[in-house]
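Tertiary structure, described
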Protein chains: 2
Amino acid sequence: MRLAVIGFGGVGKAFLKLLNDKKEELLEEGIDLKVNYILSSRGGIYNPKGINTMEFLNNSTTFSKDIIFDTILKNRDVDMVVEMTPTNIEDGEPGMTHITKSLENGFHVVTANKGPILLAYKRLKEIAAKSNVQLGIGCTTGGALPTVNGGIIDLAGSKILSIEGVLNGTSNFILNEMESKGVEYMEALKMAQKLGIAETNPSLDVDGWDTATKLLILTNVLMNQNKTMNDVKVEGITSITSADIKEAAKNGLKYKLIGRTIKKEKDLEISVSLQKIDTDNHLYGVEGKNKAVRYVSDTLGDLTIIGGASGVTPAAASILRDIVNICRGYKFIQ
Amino acid sequence: MRLAVIGFGGVGKAFLKLLNDKKEELLEEGIDLKVNYILSSRGGIYNPKGINTMEFLNNSTTFSKDIIFDTILKNRDVDMVVEMTPTNIEDGEPGMTHITKSLENGFHVVTANKGPILLAYKRLKEIAAKSNVQLGIGCTTGGALPTVNGGIIDLAGSKILSIEGVLNGTSNFILNEMESKGVEYMEALKMAQKLGIAETNPSLDVDGWDTATKLLILTNVLMNQNKTMNDVKVEGITSITSADIKEAAKNGLKYKLIGRTIKKEKDLEISVSLQKIDTDNHLYGVEGKNKAVRYVSDTLGDLTIIGGASGVTPAAASILRDIVNICRGYKFIQ
């Protein structure tokens, strides 16, 4: 399979290295992945016979300003576009254009980019179906944690009745710090920032927006909805105190930032909020930067999935997972 | 897809009912499942246009002694054989013959039967590959709990380094009863038998053999091995006392019957044993009849899957899950 790799940030570089590390293992299975294009914001490189990715990473070959996204559309010598440009949840660009045009032109797409999936999954899915290609989005909702696979493949043939998850590693880490060290929110946040877990502007994580984004994507994809951020009630973790946490611990309870979609009589109730949970809840033991999701289904019971190592390599590995599953013939989209 | 259903016990009946309940949902996705044969130990029924399964279940139509497994091979009017005869881990029969011949004749197979998979997975996989058909075995290692999917699909592109699981609901239930009610093993066993959770002869469950069987299948399938029961160190739960459990609880620990495969320097170490685990272990919270599996992988980190509702309907739903995933094009076997 011939790939175009768009996006040359941390995950993009980790992905190119991973392709190299896994080359033989994949070939043993008959999966031959060639990278014909690497595009960055500074231009691109192109080799119709496949780029030697390790040589490229080690020697930081110069990007050419002439190799751009339209070059791929003109040459038509790829089978799949791997879209890893930064997330933009306003209009999804530039990812939105890359994904839309790639699908329209009959290329499979695997993406790490939450923006276009959040804003336009239904439309993109329809384009993919029309072009008879696949759209892999596993990386957008928890990276290594197989949330989309869990809902689509592990519960195939059953109906999902509710979704519940600890979907943001940063806020989970902060809550854990407050709990284990008895410190207040600001101190735990500073520790997370010092360790590179939280951003300088942590709002996306601690105010619940990242959780809401992932939950919305899962809700739309797994429950066949077309909801927007306006349909979600979002609360973050910034108002919690060390005293709240200690009080809960006395009763054997822990605070977790939970994203939750449940069916109500007429519609879905979609929310992100701090919840006190007990040891009977499988989300109780989800510590540190770990993440988890729990589905309730009609015929296959409850399914809780915990894991999702953080970092660029696991994120890259989750991109590779979608690629491998598409190579093995899986039709996420019929 | 035209099915032959072999085995008319609890799971077989639940499967036929489920096919009926899910008919419309599946048709919406373009999956049209017709049952052309139902075979039981008392004979079979056959309709080349598809049996009306609900009418059949409600009116208990008589089986004809003339419709047998060889009829399917002669008529060749099915695409998939669903094998649900009772497990026999001595020689795998009659399932072994059904599965082998079905694969040789170019029919996909989805099975709930542990025997043939335990004894001959590697050989059966080779036949399937040669015939270019699929072999779905998800039901054999925990029913609704997606253990095989988890290892093959959710960790696609990564290598599994270890497997650990609470794979037997009955022994887990008994340990939970001892713990929550402070009773001894025999009393908890009697309760499990009264509730229909444990068999009259509970040895398969409480002596660790069921766990060992599932663990062996997972080890062979996911780590590309060809191990037998002789390679597994098996211990059950019968010697544990209420005092042991109380002592552990004082230190915040719980006993679980854990099946575990880990890589040692030269070979794998495969064992089933009672382990004391703490709240940091995600298997700690696996209560009642629930099951769980935990994989450690090279690039996608740890993955713990908890769930697996018990009973004939979830088991049947796990058969349907494999069928749907095969219909969606997934190649478990390349």
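Residues numbered from 1 in each chain as written. Chains lettered and ligands numbered in written order. Predicted model: local features only at pLDDT ≥ 70, side-chain atom pairs only at ≥ 80, totals over all residues.

Turning our attention to the sheet that holds strand β2 (residues 34–40) of chain B. Residue and element names in this part refer to chain B. In space, the 6 strands of this open sheet follow the order β3-β2-β1-β4-β5-β6, with mixed pairing throughout. Two strands close off the open sheet at either side, each with one partner strand: β3 (43–46) and β6 (135–136). The sheet contact formed by strand β5 (residues 108–111) and β6 spans 2 bridges and is parallel. Opposite Val110, over in β6, you have Gly136 as the bridge partner. Sitting on the sheet, helix α1 (residues 10–21) touches β1 (2–6), β2 and β4 (80–83), and the angle it makes with β1 is about 155°. (Pairing = 2+ DSSP bridges. Helix = DSSP H or I, 4+ residues; strand = E, 2+ residues; numbered from the N terminus. Contact = placed C-beta atoms within 7 Å. Axes fitted to C-alpha atoms, helices over the stretch in contact; angles between N-to-C directions.)

Moving on, we get to the pairing of strand β3 (residues 43–46) of chain A. Residues and elements named next belong to chain A. One ladder, built from 4 bridges, connects strand β2 (residues 34–40) with β3; its direction is antiparallel. Residue pairing for β3: Leu39 is matched across the bridge by Gly44. Between β2 and the antiparallel strand that follows it, β3, lie 2 residues.

Before going further, it helps to spend a moment on the sheet that holds strand β9 (residues 254–263) of chain A. The strands making up a sheet associate through backbone hydrogen bonding, with each pair oriented either parallel or antiparallel. Strands sit in the order β8(A)-β10(A)-β9(A)-β7(A)-β11(A)-β12(A)-β12(B)-β11(B)-β7(B)-β9(B)-β10(B)-β8(B) across an open sheet of 12 strands; the sheet is mixed. Edge positions in the open sheet fall to β8 (232–234) of chain A together with β8 (232–234) of chain B, since each of these has one partner strand only. The mean inter-strand angle of the sheet, taken between neighbouring strand axes irrespective of direction, is 20°. In terms of strand pairing, β8(B) meets strand β10 (residues 268–277) of chain B through 3 bridges, oriented parallel. Bridge pairing in β10(B) links B:Lys233 to B:Ser271. Across the sheet, helix α11 (residues 209–222) of chain A is in contact with β7 (160–166), β8, β9 and β10 (268–277) of chain A; its angle to β9(A) comes to roughly 30°.

Residues and elements named next belong to chain A. If you check the domain split of chain A, you get domain 1 (2–144 + 312–327) and domain 2 (156–307). Just the C-alpha atoms count here: the centres of domain 1 and domain 2 sit 29 Å apart. Listed as interface residues are 10 residues of domain 1 and, on the opposing side, 11 residues of domain 2. The residue inventory of the side of domain 1 that touches domain 2, partitioned by class, reads 5 nonpolar, 3 polar and 2 charged. (Domains from an automatic or database assignment. Nonpolar A, V, L, I, M, F, W, Y, C, P; charged D, E, K, R; others polar.)

Right, let's get into the relation of the copies chain A and chain B. Mapping chain A onto chain B calls for a rotation angle of 180° and an axial translation of 0.0 Å; the resulting RMSD is 0.0 Å. Considering both components of the superposition, the chain copies are consistent with a two-fold axis. The fraction of interface residues of chain A whose copies in chain B are also interface residues reaches 98%, indicating that both copies meet through the same surface. (Least-squares fit on C-alpha atoms with pLDDT ≥ 70 in both.)

Contacts between the two partners involve 41 residues from chain A, matched on the other side by 40 residues from chain B. For the side of chain A that touches chain B, the secondary-structure elements that each account for two or more residues are α7 (147–152), β12 (302–307) and α13 (312–327) of chain A. Looking at the side of chain A that touches chain B, the element that brings in the most residues is α13(A), giving 8 residues. Its residues placed into classes, the side of chain A that touches chain B shows 16 nonpolar, 18 polar and 7 charged.

A word on the nonpolar core. Buried together is how nonpolar side chains tend to be arranged in soluble globular proteins. Residues A:Phe15, A:Val82, B:Phe15 and B:Val82 are the most contacted members of the largest nonpolar core, which totals 199 residues. Discounting chain neighbours no more than four positions away, the residues touching A:Val82 are A:Leu3, A:Ala4, A:Val5, A:Ile6, A:Phe15, A:Val110 and A:Ile319. (Core = buried A, V, L, I, M, F, W, Y, C linked by C-beta atoms within 7 Å. Buried ≥ 20, exposed ≤ 12 C-beta atoms within 10 Å, placed from the backbone.)

Here we come to the pairing of strand β4 (residues 80–83) of chain A. Residues and elements named next belong to chain A. On β4, burial covers both faces: Met80 and Val82 on one face and Val81 and Glu83 on the other are all buried. Pairing analysis gives 4 bridges linking strand β1 (residues 2–6) to β4, with the strands arranged parallel. What sits directly across from Val5, in β4, is Val82. Pairing of β4 with strand β5 (residues 108–111), which is carried by 4 bridges, proceeds in the parallel orientation. Each bridged residue has a counterpart across the sheet, and for Glu83 the counterpart in β5 is Thr111.

Residue and element names in this part refer to chain A. Interhelical geometry of helix α5 (residues 95–104) versus helix α6 (residues 114–131) gives an angle of 10° and a closest axis separation of 9 Å. Of the possible angle classes, the one that applies to α5 and α6 is roughly parallel. In contact with Gly95, Met96, Ile99, Thr100, Leu103 and Glu104 of α5, α6 contributes Gly115, Pro116, Ala120, Leu124, Ile127, Ala128 and Ser131. Looking at side-chain class alone, the contact of α5 with α6 contains 8 nonpolar, 4 polar and 1 charged residues. (Parallel < 35°, antiparallel > 145°, perpendicular 65-115°, else oblique.)

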